[in-house]
Amino acid sequence: ASGGRKLQVPMPTAPARAEGLALKWIIDAARKRSKAQPMHRKLAAELVDAAKGMGAAVKKREDMHKDAERNKVNAHLRVVSR
């Protein structure tokens, strides 16, 4: 019987993917803000918070970096395609 656990191996993110993730996280964070505000105001507030280094999108990025730091021990398992 095979089994085991799935290991997360940190890898660099391509610039285009990084930009796409950032935009996705900002939009997701804006959507989760107060339902009473229109989307354009929620998005503006999230962008201002992101520029200040605050907000849910920035926290998501920081959490992702912390996870990568914790999983650095698995970096030697990365498969390099040529």
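Further up the page is the structure itself.
Residues numbered from 1 in each chain as written. Predicted model: local features only at pLDDT ≥ 70, side-chain atom pairs only at ≥ 80, totals over all residues. Heavy atoms only, no water.

Q: Go over the pattern of salt bridges with me, naming the residues and quoting the values.
A: Evaluated as defined, the whole model comprises 6 salt bridges. The residue R33 makes a salt bridge to E46 at a minimum N-O spacing of 3.0 Å. On the criterion of sequence distance, the pair formed by R33 in the loop between α1 (15–31) and α2 (39–51) and E46 in helix α2 is long-range, its members being 13 residues apart. With relative accessibility at 23%, the residue R33 sits in the partly exposed group. The salt bridge involving K59 is made with D63; its shortest N-O contact spans 3.2 Å. Placement of the pair is K59 and D63 together in helix α3 (residues 56–70), with a separation of 4 residues, close to one helical turn. Each of K24, D28 and R31 takes part in one network of salt bridges that share partners. (Salt bridge = Lys/Arg side-chain N within 4 Å of Asp/Glu carboxyl O. Helix = DSSP H or I, 4+ residues; strand = E, 2+ residues; numbered from the N terminus. Buried < 20%, exposed > 50% of the residue type's maximum accessible area, 1.4 Å probe, protein only.)

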